[in-house]
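# Fold and contact review
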Amino acid sequence: MRAGLINFMAGFLKNMISVLEVKNLTMNFGGLCAIDSLDLDVAQGEIVTLIGPNGAGKTTFFNCITGIYNPARGDIFVSSPWNKDKIKKQERINGLKPNHITEKGLARTFQNIRLFSNMTVLENVMIGRHCRTSSGIAGAVFRNRSTVKEEKEVVEYSYNILEKIGLSSFVNEFAKNLPYGAQRRLEIARAMATEPFLLLLDEPAAGMNLQETRELAELIMRIRDREHISILLIEHDMKFVMSISDRIFVMDYGRKIAQGTPAEIRKNPVVIKAYLGDEISA
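Described below are features of the structure shown in this document. (Residues numbered from 1 in each chain as written. Predicted model: local features only at pLDDT ≥ 70, side-chain atom pairs only at ≥ 80, totals over all residues. Heavy atoms only, no water.)

Take the layout of surface pockets next. Taken as a whole, the largest pocket holds about 520 Å³ of empty space. Taken together, 22 residues form the lining of the largest pocket, with Thr102, Arg108, Phe110, Arg190 and Thr194 sitting closest to its centre. The greatest single-element share of the lining of the largest pocket, amounting to 5 residues, is contributed by helix H3 (residues 98–104). Its residues assigned to classes, the lining of the largest pocket comprises 10 nonpolar, 7 polar and 5 charged. (1 Å grid on protein atoms, 1.4 Å probe; cavity = no way out; pocket = protein on both sides within 12 Å on 5 of 7 lines; lining within 4 Å. Points joined across faces, edges and corners; volume = space filled by probe spheres on them. Helix = DSSP H or I, 4+ residues; strand = E, 2+ residues; numbered from the N terminus. Nonpolar A, V, L, I, M, F, W, Y, C, P; charged D, E, K, R; others polar.)

In this section: helix H2 (residues 58–65). Along H2, 7 of the 8 residues are buried, which leaves the element largely enclosed by surrounding structure. Positioned one or two residues after H2, Gly67 has a phi angle of 90°, which is positive. (Buried < 20%, exposed > 50% of the residue type's maximum accessible area, 1.4 Å probe, protein only.)

Let us look at the environment of Gly55. Secondary-structure assignment places Gly55 in the loop between strand S3 (47–51) and H2. Judged by relative accessible area, which is 74%, Gly55 ranks as exposed.

Going through the model one piece at a time under the given rule, you end up with 1 cavity of 30 Å³ or more. In this structure, the largest cavity is lined by Thr109, Phe110, Arg184, Glu187, Ile188 and Pro204. Residues that form the lining of the largest cavity fall into these classes: 3 nonpolar, 1 polar and 2 charged.

Below, the discussion takes up the pairing of strand S9 (residues 247–252). Most of S9 sits out of view: 5 of its 6 residues are buried. Sheet topology places S3 next to S9; 4 bridges connect them, and they run parallel. By the bridge assignment for S9, Leu50 is matched with Phe249. Relative to strand S10 (residues 255–260), S9 is paired through 5 bridges, and the arrangement is antiparallel. (Pairing = 2+ DSSP bridges.)

With 21 residues, helix H6 (residues 145–165) should cover 30 Å at 1.5 Å per step; its first-to-last C-alpha distance of 31 Å lies within 8% of that length. Turning to H6, its buried residues number three or more, namely Thr147, Glu150, Val154, Ser158, Ile161, Leu162 and Ile165. Burial along H6 is one-sided: seen end-on, the buried residues are contained in an arc of 110°. Opposite the packed face of H6, turned more than 90 degrees from it, sit the exposed residues Arg145, Lys149 and Lys152. Following H6 by one or two positions, Gly166 has its phi on the positive side, about 90°. (Expected span 1.5 Å × (residues − 1). Arc of directions from axis to C-beta.)

The structure is reproduced here in structure tokens:
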């Protein structure tokens, strides 16, 4: 019976769609190797976290995936689980511009908040819909029927996201007037407006208090469970990481030194010595 269960799980894992698959990724800045032959993958429906000290190469890794940097070597493959024909289609995205990568279904937030401060909460989310609209300059000038209809759909779609994120009460408020935690959530809402299948969050809990961090953890898991969006995040808050992650990858000086479940990472002697100092309490 145990052997049958093992075979079943092996088959199940084999058939899981990898929405992101990174192989041998290398990024150099002059003589500095910021990322050294890194392998990483994210399966459909997973929450995967990348941890490591400052300078380990985590944000550089995000910048390579999202088209800000073009890596020196390696491959970055994405596979949308939402293909209408239901057939897995793996596509290499190395060298694509950031806007084209967003169109492919990847969206990110940044370590430092990047909102349009003097625009409303709703307008910030509407901007995220730009990559999914078709009206051009002519439509904006002549205001034809299809443009008006599309603009109405953008407003409705954006408001719906704000309701899911818990920000609908701030819809007409300027972004700069939101509490810090709400600004963080607004960045996530704007990223979700692009209709991603993979959401990349760069230190989403940075600067948050305990209550805001708990609410963020609930939000991320809700996005995964209800919206069926896979999550890849960078984070330093270890309790937060351990509470939401399905798997964790650990980086040091541009190299991956460990990977596994939270339980495995918590007990990994290399990780304990290099980053955690001691075993984390649950």
